[in-house]
Amino acid sequence: MLLTSPSFNHNEKIPPKFTCDGPSINPELHILNVPDEAKSLALIMDDPDAPGRTFTHWLVWNIDPKTTIIKQESKPPGSIEGQTDFGRTGYGGPCPPSGTHRYFFKLYALGAILNLSEGSDKKTLEQEIQEHLIEKAELVGLYSRKP
């Protein structure tokens, strides 16, 4: 399975329009080679370089496994979003307080459709992912704010 973006390459800079220095919209993501046995996909975007703890920027699950593109500024049709560390559902763009941070877009192929309510947190989602994981793909983007 492969996760890419036409907006930035793996381990390269995320453009400002996808961050708090722009309109903070989600980048387009391309999904390839999802295993045939997958019943759904889940996506977690987080920042392990945040002060104190890993900061959650986006949680999405029950993405149709036939999805090949998550369009810019949208959530996949029929999917459910969880609560981020911004205290709301939906995408929250990178906004590091200092230095360059890494933003991990982690895509999971799952053997089940998850029975989680909208607004569920990352810990709950990760427990479900562990139970149903088939395969994982990852895309990392970098961002630092101008002083």
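Residues numbered from 1 in each chain as written. Predicted model: local features only at pLDDT ≥ 70, side-chain atom pairs only at ≥ 80, totals over all residues. Heavy atoms only, no water.

Chemist: Can you help me understand the overall build of the protein chain in this one?
Modeler: Of the regular secondary structure elements, the protein chain holds one helix and nine strands. Each helix (α) and strand (β) of the protein chain, taken in turn from the N terminus, gives the series β-β-β-β-β-β-β-β-α-β. What you see for the protein chain is a C-alpha radius of gyration of 14 Å, in line with the 15 Å of a compact globule of 147 residues. Expressed along its principal axes, the backbone C-alpha trace of the protein chain runs to roughly 45 × 30 × 20 Å. Counting across all 147 residues of the protein chain, residues that qualify as buried make up 46%. Of the accessible surface of the protein chain, which amounts to about 7,300 Å², a share of 47% is contributed by carbon and sulfur atoms. A gap of 5 Å separates the mean positions of the 15 positive and 19 negative side-chain charges of the protein chain. (Helix = DSSP H or I, 4+ residues; strand = E, 2+ residues; numbered from the N terminus. Rg over C-alpha atoms; globule rule 2.2 N^0.38 Å. Buried < 20%, exposed > 50% of the residue type's maximum accessible area, 1.4 Å probe, protein only. Areas by Shrake-Rupley, 256 points an atom, 1.4 Å probe, with all protein chains shown as cover. Lys, Arg positive; Asp, Glu negative; His and termini not counted. Charge placed at Lys NZ, Arg CZ, Asp CG, Glu CD.)

Chemist: Mind showing me how you'd approach the pairing of strand β9 (residues 133–143) here?
Modeler: Successive residues of a regular strand alternate their side chains across the two faces of the sheet. Across two bridges, the pairing between strand β2 (residues 12–13) and β9 is parallel. Considered in β9, the bridge of Lys13 is made with Leu142. Pairing between strand β8 (residues 101–110) and β9: ten bridges, direction antiparallel. Residue pairing for β9: Ala109 is matched across the bridge by Glu135. (Pairing = 2+ DSSP bridges.)

Chemist: So what exactly am I meant to see when it comes to the sheet that holds strand β5 (residues 55–63) here?
Modeler: The strands making up a sheet associate through hydrogen bonds between their backbones, and the pairing can be parallel or antiparallel. A sheet is described by the order of its strands in space; here six strands give the open sequence β2-β9-β8-β4-β5-β7, paired in mixed fashion. Either end of the sheet is taken by a strand with one partner, and the two such strands are β2 and β7 (80–81). Along the sheet, helix α1 (residues 122–132) makes contact with β4 (40–47), β5, β8 and β9, crossing β4 at roughly 135°. (Contact = heavy atoms within 4.5 Å. Axes fitted to C-alpha atoms, helices over the stretch in contact; angles between N-to-C directions.)

Chemist: Looking at this structure, how should I read the packing of aromatic side chains?
Modeler: The relation between two aromatic rings is expressed through the spacing of the ring centres and the mutual angle of the planes. Counting across every chain of the model gives three aromatic pairs. An angle of 75° between the planes, with centres 4.9 Å apart, marks the rings of Phe55 and Phe86 as edge-to-face. Here Phe55, found in strand β5, pairs with Phe86, found in the loop between β7 and β8; they are 31 residues apart in sequence, far enough to count as distant. Centroid distance Trp58 to Tyr91: 5.4 Å. Interplanar angle 85°. Geometry classified as edge-to-face. A residue pair is termed long-range when its members are at least 10 positions apart, and Trp58 in strand β5 and Tyr91 in the loop between β7 and β8 qualify at 33 residues. Trp58 sits in the buried class, given a relative accessible area of 1%. (Phe/Tyr/Trp six-rings, centres within 6.5 Å; stacked < 30°, edge-to-face > 60°.)

Chemist: I keep staring at the nonpolar core and nothing clicks. Help me out?
Modeler: Nonpolar side chains in soluble globular proteins tend to be buried together. Ranked by size, the top nonpolar core spans 25 residues in total, and within it Leu3, Leu29, Leu41, Leu43, Trp58 and Phe105 carry the most contacts. Listed by contribution, the elements that provide at least two residues to this core are β3 (29–32), β4, β5, β8 and β9. Sort the elements by how many residues they give to this core and β8 lands first, with four residues. With near-sequence residues (within four places) excluded, Trp58 lies in contact with Asn26, Leu29, Leu43, Ile44, Met45, Ile70, Ser74, Glu81, Thr84, Gly90 and Tyr91. If you look at the next biggest cluster of nonpolar residues, it comprises ten residues, including Ala42, Leu59, Leu116 and Leu125. (Core = buried A, V, L, I, M, F, W, Y, C linked by side-chain atoms within 4.5 Å.)

That's the geometry; what it means functionally is another story.
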